Amino acid sequence: MTAGTTRRHGCEAPLHPSQIAVVAIGLLSAVAFYGFSVQELPVLVYSAVVPLYSVQFAITALLFAIISSFDPGQPRRQATQPHDQEAIAVPPVVLSDVKAGPELLTSHPVVATCRDCGRFAPTTDTRHCGRCNKCIPGYDHHCIYLNTCIGTRNYPLFAGLLSCSTLLLLTQQIVTGYAISCLLAPGQDDGKKTRAAMLCVLSVLPLLELFFLLVLGTFHLYIAFRGLTTYEWLYQWLEARRPDTASTGASTEGSQVYC
């Protein structure tokens, strides 16, 4: 993306390498599951697992596609002008100068001018993303795996994707573990033991993905409980680690948050 160009959504070129990698890994995991794991299951278990996994995979893929192709930025009308008369009466402030923190988020309309793009923002939790080159209402973070920002407009979809992806991988690991146990049952020949070893190898990467998603999901539950966004949590964490910020005049306000 050239300098000054605004990214509308995550499907615009250039695609991020992490975005390509996560799609490739997801497809390979599904191929390994359909091609190897479920083939070792009893008929009744197979007939129950395949439809369940297929529905989970379809929902996860759909959410991924929607978030990647959805513009998380504010509507064009709001980006170019204040949205009501009450907001016009409030003196403009520079958005990037507003400190992060839930106690500082106002409940009334405020005209805020972004220092980077000069556009109006209706709330003080709007932040400018340097990668997308636009302001995002309720900015949480820029997700490199979706190649787009996560904010107020798409955070519920992001939470749904996180939940569905976790359930999908959990189902995959449980089924693969059951298939391995069937192959390693007493009396099985060496060929089945070899297939069990192959399934163990194929399950390593999805297991790492599941661990990452569990950690990420736990983190988002934690900040949701505290009423923070990822940006606000990181800002407060950096401020706590830099007690001399006020005296030196340094600021962490311009930090970008990626995942």
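Per an unreviewed UniProt entry, the recorded name for the protein chain is Palmitoyltransferase, and the organism is Phytophthora oleae. Under Subcellular location (unreviewed entry), UniProt gives the following word-for-word description of the protein chain: "Membrane". Its UniProt record, at the heading Catalytic activity (unreviewed entry), says of the protein chain: "L-cysteinyl-[protein] + hexadecanoyl-CoA = S-hexadecanoyl-L-cysteinyl-[protein] + CoA".

Trainee: It is not clear to me how the nonpolar core should be interpreted in this structure. Could you clarify?
Mentor: Within soluble globular proteins, side chains that are nonpolar tend to cluster in buried spots. Formed by 14 residues in total, the largest nonpolar core has its most connected members in Phe33, Val38, Leu41, Val49, Tyr53, Val175 and Leu199. Counting only elements with at least two residues in this core, the list comes to helix 1 (17–37), helix 2 (43–69), helix 5 (155–183) and helix 6 (190–202). With 5 residues, helix 5 is the single largest residue contributor to this core. Apart from residues lying up to four places away in sequence, Leu41 is in contact with Tyr46, Val49, Val175, Tyr178 and Ala179. Counting 13 residues, the second largest nonpolar core, distinct from the first, contains Ile67, Leu161, Leu210 and Leu213.

Trainee: Explain the packing of aromatic side chains to me, please; I cannot follow it from the model alone.
Mentor: Each aromatic ring pair is specified by the distance between its two centres and by the angle formed by the two planes. Under the criterion given, the structure shown has 9 aromatic pairs. Ring centres 6.0 Å apart and planes at 75° place the aromatic pair Phe33 and Tyr34 in the edge-to-face group. A residue is classified by how much of its surface remains accessible, and Tyr34, at 30% relative accessible area, is partly exposed. Between Tyr34 and Tyr53, the aromatic rings sit 5.4 Å apart at their centres with planes inclined by 80°, giving edge-to-face as the arrangement. Here Tyr34, found in helix 1, pairs with Tyr53, found in helix 2; they are 19 residues apart in sequence, far enough to count as distant. Owing to a relative accessible area of 0%, Tyr53 belongs among the buried residues under this scheme. Grouping aromatic residues by their ring pairs yields a cluster made of Phe33, Tyr34, Tyr53 and Phe57.

Definitions and limits used
- Residues numbered from 1 in each chain as written.
- Predicted model: local features only at pLDDT ≥ 70, side-chain atom pairs only at ≥ 80, totals over all residues.
- Heavy atoms only, no water.
- UniProt positions renumbered as here; feature names shortened; annotations may be inferred.
- Core = buried A, V, L, I, M, F, W, Y, C linked by side-chain atoms within 4.5 Å.
- Buried < 20%, exposed > 50% of the residue type's maximum accessible area, 1.4 Å probe, protein only.
- Helix = DSSP H or I, 4+ residues; strand = E, 2+ residues; numbered from the N terminus.
- Contact = heavy atoms within 4.5 Å.
- Phe/Tyr/Trp six-rings, centres within 6.5 Å; stacked < 30°, edge-to-face > 60°.

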